[in-house]
Amino acid sequence: MLEKVEGVIIRTQDYGETHIIATLLSNKLGKIGVLARGAKKPKSRMSAVSQLFIHGEYLVRLGKGLSVIEQGDVIQSHRKIREDIFLTAYASYLAELTNILLDEKSPNYYIYQQFLATLNGIVEEKDPLVLSMMYEMKLYKVAGFAPIIDFCQSCQRSDQIRAFSIKEAGVLCQRCLSVDPNHWPINETQYKLLRLFTDVDMERVANITVKQDNKLVIQQILEQYYDTYGGLALKSRKFLKQIDKLK
């Protein structure tokens, strides 16, 4: 059966001498594996629509296992990402995280929109670390292990939030810090950022300026949180850290 879908390529791997197997995050079918025949040939029309981060419209022949791309048209190439190793590192991390946390053939239009808006934000030179953390929070919610940010995990009060607890999977207020001796202290600004990162739609994100210290604290919290609850290790995160050090 042929199906016309819109989607973004989030993973590619060579298949034989001339073909590519890609993972397509689509608007209607969710995450699906697709075969792009002849995509490795220099003059192939399929090559242009099967590269990493391509946003396109595809005519897909659906199969029980691997589907096949019959035709494709580029909507947005996101070429700027592929030409910049720093931006590639961030986009690759988000693509791998998406691929790991989303189930096959389980459509989620919201995450599709959020991922696409995040890529567009990276192209528009918005802070890629801030964008990444915002997107992560939304993906964790869909994957079923998002932290509780709205109130203290111990007493349920919503004021005087002073820490983030990996063990308790959320925030703690001043009176409940002893619940987790290994909590991460957070100030008022960092708490507001955590709430903002959780709630704001990626399509509405302006060019938010966040102090480096605050970004690093939240980044470290989210990394430890994923390592505790997320499951599979991320190869792209190691590469991203190496690129960040170079910059």
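Everything numeric in this text was worked out from a predicted model, so none of it was measured.

Draft legend 1. A look at the pairing of strand 5 (residues 67–76). Bridge count for strand 3 (residues 30–36) against strand 5 is two bridges, and the pairing is parallel. Following the sheet pairing, V34 is matched in strand 5 by S67. Where strand 4 (residues 55–61) lies against strand 5, seven bridges are found, and the strand directions are antiparallel. Among the inter-strand pairings, H55 is bridged to a residue of strand 5, identified as Q76. The hairpin turn running from strand 4 into strand 5, its antiparallel successor, is five residues long.

Draft legend 2. Just the pattern of salt bridges, in detail. Counted according to the given criterion, the structure contains 14 salt bridges. Here D150 ties to R195 by a salt bridge, and the two come within 3.5 Å at their closest N and O atoms. Of this pair, D150 sits in the loop between helix 5 (128–143) and strand 6 (161–165) while R195 is found in helix 6 (residues 188–199), placing the two residues 45 residues apart along the sequence. For D150, a relative accessible area of 40% corresponds to the partly exposed category. The partner of E188 in a salt bridge is K192, and the shortest N-O contact between them spans 3.5 Å. Of the two residues, E188 and K192 both sit in helix 6, four residues apart, roughly one turn of that helix.

Draft legend 3. View of the packing of aromatic side chains. Applying the stated rule across the entire model yields nine aromatic pairs. Their ring planes at 55° and their centres at 5.7 Å tell us that F115 and Y135 sit as a pair that is tilted. In this pair, F115 is assigned in helix 4 (residues 109–123) and Y135 in helix 5, connecting sequence segments 20 residues apart. Each member of the pair, F115 as well as Y135, is classed as buried. Both rings, one in F164 and one in Y225, keep their centres 5.9 Å apart while their planes meet at 80°; by these two values the pair is edge-to-face.

Draft legend 4. Looking closely at the pairing of strand 1 (residues 2–15). Strand direction decides the pairing type here: strand 1 and strand 4, joined by seven bridges, are antiparallel. Directly across from E6, in strand 4, lies its bridge partner E57. Relative to strand 2 (residues 19–26), strand 1 is paired through eight bridges, and the arrangement is antiparallel. Residue G7 lies in a different strand from strand 2, and its bridge partner there is S26. Following strand 1, the chain reverses through three residues before pairing antiparallel with strand 2; G16 in that reversal takes a positive phi of roughly 70°.

Draft legend 5. Representation of the packing of helix 3 (residues 85–101) against helix 8 (residues 235–246) in the model. Running from N to C, helix 3 and helix 8 point in directions that differ by 155°, and their axes come no closer than 9 Å. As summarised for this structure, helix 3 and helix 8 are arranged roughly antiparallel, according to the angle between their axes. In the packing of helix 3 onto helix 8, the handedness of the crossing is left-handed. Contact with helix 3, carried on its side by I85, F86, A89, Y90, S92, Y93 and E96, involves K235, S236, R237, F239, L240, I243 and D244 of helix 8 and no other residues of that element. Class assignment for the residues of the contact of helix 3 with helix 8 results in eight nonpolar, two polar and four charged.

Draft legend 6. Here's a closer look at the nonpolar core. Within the largest apolar cluster, 63 residues are counted, with the highest numbers of intra-cluster contacts made by L97, F115, Y140, F164, I186 and F197. Broken down by element, the residue count for this core peaks at ten residues, all from helix 3. With sequence-adjacent residues up to four places away left out, F115 is seen in contact with V8, I10, L25, L94, A95, T98 and Y135. I9, L29, I32 and V49 belong to the second-largest nonpolar core, a separate cluster that totals 16 residues.

Thresholds applied
Residues numbered from 1 in each chain as written. Predicted model: local features only at pLDDT ≥ 70, side-chain atom pairs only at ≥ 80, totals over all residues. Heavy atoms only, no water. Pairing = 2+ DSSP bridges. Helix = DSSP H or I, 4+ residues; strand = E, 2+ residues; numbered from the N terminus. Salt bridge = Lys/Arg side-chain N within 4 Å of Asp/Glu carboxyl O. Buried < 20%, exposed > 50% of the residue type's maximum accessible area, 1.4 Å probe, protein only. Phe/Tyr/Trp six-rings, centres within 6.5 Å; stacked < 30°, edge-to-face > 60°. Axes fitted to C-alpha atoms, helices over the stretch in contact; angles between N-to-C directions. Parallel < 35°, antiparallel > 145°, perpendicular 65-115°, else oblique. Left-handed = near helix turned anticlockwise from the far one by under 90°. Contact = heavy atoms within 4.5 Å. Nonpolar A, V, L, I, M, F, W, Y, C, P; charged D, E, K, R; others polar. Core = buried A, V, L, I, M, F, W, Y, C linked by side-chain atoms within 4.5 Å.

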